[in-house]
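# Reading the structure
Spelled out, the chains give:
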Amino acid sequence: MKNSLWLARIFAGVLVVVICLEFVILHQKIVHRGPNNPSTYLSSLQHQSCEQKTNISFSKLHKCGSSTILNILLRYGMKHDLTFVLPPENFYLGWPEHFNKDMAIQVPWNEYNILTHHSRFSYADISAMMALDTVYVTVLREPVSLFESIFFYFDIGGKFGLRGHEGLSLFVDNIHQMYPIKPDKKLLNPMLFDLGMEVEDMRDLENVDKRIKYLDVIFDLVMIAEYMDESLILFKHLMCWETDDIVAFTMNTRVSQSKNVLREDVAEKIRNWNAGDVKLYSFFNRSLWQRIDEFGVNRMQAEVEELKTRREYYFNRCIEKIVTNGPGVWRDRKSVV
């Protein structure tokens with residue numbers, strides 16, 4: 001119970017669903033293992049000779065579906081009484097500065113299991129704080145979709161009096177003139193930035209290639225947001241966890257009505273602007289599918305279906321209703337002139 005009180009204070013609201021889900025999971029494992037249980041518990045059979053890993057550094061990148069994984073790691077850590085690397089306040093560990101140990105709450109026993117909050121990656125400083133057997137994981141998102149999401153979530157257009165996707169298109173058309181006026185690090189190769197690369201180094205794509213090779217050596221798994229279920233299955237096997245450990249509900253996403261497909265000319269300009277992130281995403285997207293092929297496509301399909309079944313099971317027991325029109329629901333401001 002070393003840090004349960006800290007987590008309770010910091011994440012009281014966020015963890016309502018987590019606690020509900022964990023309670024149902026424990027109850028299900030104790031009581032409902034009969035033939036009517038929708039879970040096959042294949043994973044428990046597959047992991048008999050595998051030792052669960054508990055030390056993980058998850059690089060949480062902006063708007064890449066990482067809140068879903070944060071939810072998984074918080075629940076797992078609380079269940080197993082693990083020690084988190086926590087910021088003194090809010091959810092940022094010093095970002096946009098590179099992470100160092102002084103940015104985190106120090107615990108007397110000086111041993112940490114899970115780093116999962118927003119930070120800017122620095123392998124030297126993170127590895128100095130974490131255990132030697134720490135697993136390094138992150139998640140990427142398709143760069144055009146990411147740019148659009150960041151633009152609206154952080155109301156970038158509002159800083160220039162621009163609204164809706166017409167405003168986004170106008171911004172992208174004039175990005176070389178408008179960006180320097182009010183630069184935002186989340187708009188210029190944000191994934192490379194969050195993964196520690198300096199902005200000036202991103203201009204040379206040879207430097208980007210070197211950085212990608214470096215990250216490929218460091219990270220044990222790079223997940224892809226567009227293939228989250230497949231990524232989570234690979235993560236489960238990497239960590240030797242159970243399927244129920246990776247069940248999570250989508251977190252912090254927009255209502256579908258406010259999402260729009262960008263014109264191809266606008267999308268191409270975004271790709272050119274964030275060419276470094278495009279190379280990063282393309283490399284690790286190929287890498288993910290190579291791992292899926294090695295894992296076995298049919299085997300992957302079966303485990304994804306198991307995961308969906310478990311997710312539906314807990315959704316029906318933990319979620320009373322979905323709110324799409326409340327004040328806390330994220331939608332863009334395209335209707336505001």
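Below you will find a few notes about this structure.

So, how was this worked out
Residues numbered from 1 in each chain as written. Predicted model: local features only at pLDDT ≥ 70, side-chain atom pairs only at ≥ 80, totals over all residues. Heavy atoms only, no water. Core = buried A, V, L, I, M, F, W, Y, C linked by side-chain atoms within 4.5 Å. Buried < 20%, exposed > 50% of the residue type's maximum accessible area, 1.4 Å probe, protein only. Helix = DSSP H or I, 4+ residues; strand = E, 2+ residues; numbered from the N terminus. Contact = heavy atoms within 4.5 Å. Axes fitted to C-alpha atoms, helices over the stretch in contact; angles between N-to-C directions. Parallel < 35°, antiparallel > 145°, perpendicular 65-115°, else oblique. Left-handed = near helix turned anticlockwise from the far one by under 90°. Pairing = 2+ DSSP bridges. Nonpolar A, V, L, I, M, F, W, Y, C, P; charged D, E, K, R; others polar. Expected span 1.5 Å × (residues − 1).

Okay, the nonpolar core next. Ranked by internal contacts, the top residues of the largest apolar core, which has 93 residues, are Leu140 and Phe235. Here the element with the most residues in this core is helix α11 (residues 228–239); it accounts for 7 residues. Residue contacts for Phe235: discarding those within four places in its chain leaves Ile56, Leu73, Val137, Leu221, Met223, Trp241 and Ile246.

To continue, consider unusual backbone geometry. With an omega dihedral of 15°, the bond running from Trp95 to Pro96 counts as a cis peptide bond. As for its position among the elements, Pro96 is in the loop between β2 (84–85) and β3 (114–115). At Asn110, a residue that is not glycine, the phi angle is positive and equals roughly 55°. Along the polypeptide, Asn110 turns up in the loop between β2 and β3. Residue Cys240 is not a glycine yet carries a positive backbone phi of 60°.

Right, let's talk about the packing of helix α7 (residues 164–173) against helix α12 (residues 264–273) for a bit. Relative to each other, α7 and α12 sit at 45°, their axes nearing to 10 Å. Viewed along their axes, α7 and α12 adopt a mutual orientation that is oblique. For the crossing formed where α7 meets α12, the hand is left-handed. Of the residues in α12, those touching α7 at Leu168, Ser169, Val172 and Asp173 are Val266, Lys269 and Ile270.

With that out of the way, let us pick up the sheet that holds β3. Pairing is parallel across the open sheet formed by 5 strands, whose spatial order is β2-β3-β1-β4-β5. Each of the sheet's edge strands pairs with one partner strand only, and the pair in question is β2 and β5 (221–224). Running over the sheet, helix α13 (residues 275–295) touches β4 (135–140) and β5 and is turned about 100° from β5.

In contact at an axis separation of 9 Å, helix α6 (residues 143–153) and α12 are set at 95° when each is read in the N-to-C sense. Regarding the angle of α6 to α12, the classification is roughly perpendicular. Between α6 and α12, the residues in contact are Pro143, Val144 and Phe147 and Ala267, Ile270, Arg271 and Trp273, respectively. Looking at the contact of α6 with α12 residue by residue, the class counts come to 6 nonpolar, no polar and 1 charged.

Moving on, we come to the pairing of strand β1 (residues 56–59). Of the two faces of β1, the one carrying Ile56 and Phe58 and the one carrying Ser57 and Ser59 are both buried. For β1 and β3, the ladder comprises 2 bridges, and the chain directions are parallel. Directly across from Ser57, in β3, lies its bridge partner Leu115. Summarising the sheet, β1 and β4 pair through 4 bridges and their orientation is parallel. Of the residues in β4, the one forming a bridge with Ser57 is Tyr136.

This paragraph deals with helix α14 (residues 297–318). Helix length check: α14 (22 residues) gives 31 Å between terminal C-alpha atoms against 32 Å at 1.5 Å per residue, within 8%. Looking only at α14, the buried set comprises Met300, Glu303, Val304, Glu306, Leu307, Arg310, Tyr313, Tyr314 and Cys318.

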